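Summary of the model geometry
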Amino acid sequence: MNPILRAQIKKLLMAWRRHKFKLRGVHPKFYLAPGSSVCSDLSADAYAFINVKCLIGPKVTIGRYTMLAPEVAIVGADHEYMVADRPIIWSGRPNEIKPTTIGRDCWIGMRSIVICGVTIGDGAIVAAGSVVTKDVAPYDIVAGVPAKRIKRRFQTEQEILTHQSMLNGPLIEGYFLQRHK
């Protein structure tokens, strides 16, 4: 298919999905794959990508260039369970849900679960199948249940500064199309 026609179709599909989910806080260049469920208060920057079958709860912010692999869930803290005289099902929900923030240029691996209220720093990577229960520092790579740091994404301070400069700079447009002409 003609790449220009493909881009126009993708743009129309995203306009329809923004309307369907009432997504007013997402950048026009944000992409939501079909089959995901997202709350209408989602905030997502340019080139943030949510893949198929993801479940995104309320009060979530996703930075530019961040990718969520298939079946990622951002959930939790939505039931009261400390009420001794009632079963959980009738105990209600908390009055306030903590916001969840995923920084810029992060990669959240397939079937990972991020518990609400967590902050994942810029450039961090969450390995597939991980359960993130605590904040993740910028440029950390975490894995496991619960997720723990296994290594750093970049090895030198200069690499981190170069990457931060790119993230703070102008939006990189159409990089894939430029590389693959």
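Preceding this section is the structure that the text describes.
Residues numbered from 1 in each chain as written. Predicted model: local features only at pLDDT ≥ 70, side-chain atom pairs only at ≥ 80, totals over all residues. Heavy atoms only, no water.

**Some details on the side chain of D105**
- Looking at the element boundaries, D105 is found in the loop between β10 (100–102) and β11 (107–108).
- Take D105: its relative accessible area is 18%, and that puts it in the buried class.
- Within the structure, D105 has its side chain in polar contact with the side chain of R153 (distance 3.0 Å). (Helix = DSSP H or I, 4+ residues; strand = E, 2+ residues; numbered from the N terminus. Buried < 20%, exposed > 50% of the residue type's maximum accessible area, 1.4 Å probe, protein only. Polar contact = N/O pair within 3.5 Å; in protein donor to acceptor, adjacent residues only side chain to side chain.)

**As for the packing of aromatic side chains**
- For the coordinates displayed, the defined rule picks out 3 aromatic pairs.
- An angle of 10° between the planes, with centres 5.7 Å apart, marks the rings of Y31 and F49 as stacked. Of the two residues, Y31 sits in strand β2 (residues 31–32) while F49 sits in strand β5 (residues 49–50), which places them 18 residues apart along the sequence.
- Exposure remark for F49: the relative accessible area of 25% places this residue in the partly exposed category.
- Between Y47 and Y65, the aromatic rings sit 6.3 Å apart at their centres with planes inclined by 5°, giving stacked as the arrangement. (Phe/Tyr/Trp six-rings, centres within 6.5 Å; stacked < 30°, edge-to-face > 60°.)

**Side note on the pairing of strand β17 (residues 148–152)**
- Little of β17 sits inside the fold, with 0 of its 5 residues counted as buried.
- Direction of pairing for strand β16 (residues 140–143) relative to β17: antiparallel, over a ladder of 4 bridges. Bridged to D140 within β17 is R152.
- The loop that links β16 with its antiparallel partner β17 comprises 4 residues; one of these, G144, has a positive phi angle of about 110°. (Pairing = 2+ DSSP bridges.)

**Let's talk about a nonpolar patch on the surface**
- A surface patch of nonpolar side chains, amounting to about 370 Å² of accessible area, comprises M1, L5, I9 and L13.
- By relative accessible area, L13 is classed as partly exposed at 37%. (Patch = residues over 30% accessible without salt bridge, like charges linked within 9 Å, V, L, I, M, F, W, Y side chains within 5 Å. Areas by Shrake-Rupley, 256 points an atom, 1.4 Å probe, with all protein chains shown as cover. Salt bridge = Lys/Arg side-chain N within 4 Å of Asp/Glu carboxyl O.)

**Comments concerning the nonpolar core**
- Counting residues in hydrophobic clusters, the biggest one holds 31 residues, and the most contacted among them are F30, L42, I50, I56, L68 and I120.
- Every element with two or more residues in this core is listed here: β2 and β7 (60–62).
- Leaving out residues up to four positions away in the same chain, I50 has contacts with F30, Y31, L32, A33, S36, V38, L42, I56, I62 and L68.
- In this structure, Y139, F154, I160 and L167 belong to the second largest nonpolar core, which totals 5 residues. (Core = buried A, V, L, I, M, F, W, Y, C linked by side-chain atoms within 4.5 Å. Contact = heavy atoms within 4.5 Å.)

**Section: unusual backbone geometry**
- The linkage connecting V145 with the following residue, P146, adopts the cis geometry, with an omega of -5°.
- Along the chain, P146 falls in the loop between β16 and β17.
- Phi angles above zero are rare outside glycine, and Y65 is one such case at about 65°.
- Position of Y65 relative to the elements: it lies in the loop between β7 and β8 (67–68).
- Y65 sits in the buried class, given a relative accessible area of 13%.
- Of note, E71 is a non-glycine position whose phi angle comes to about 65°, a positive value.
- Here E71 is to be found in the loop between β8 and β9 (73–75).

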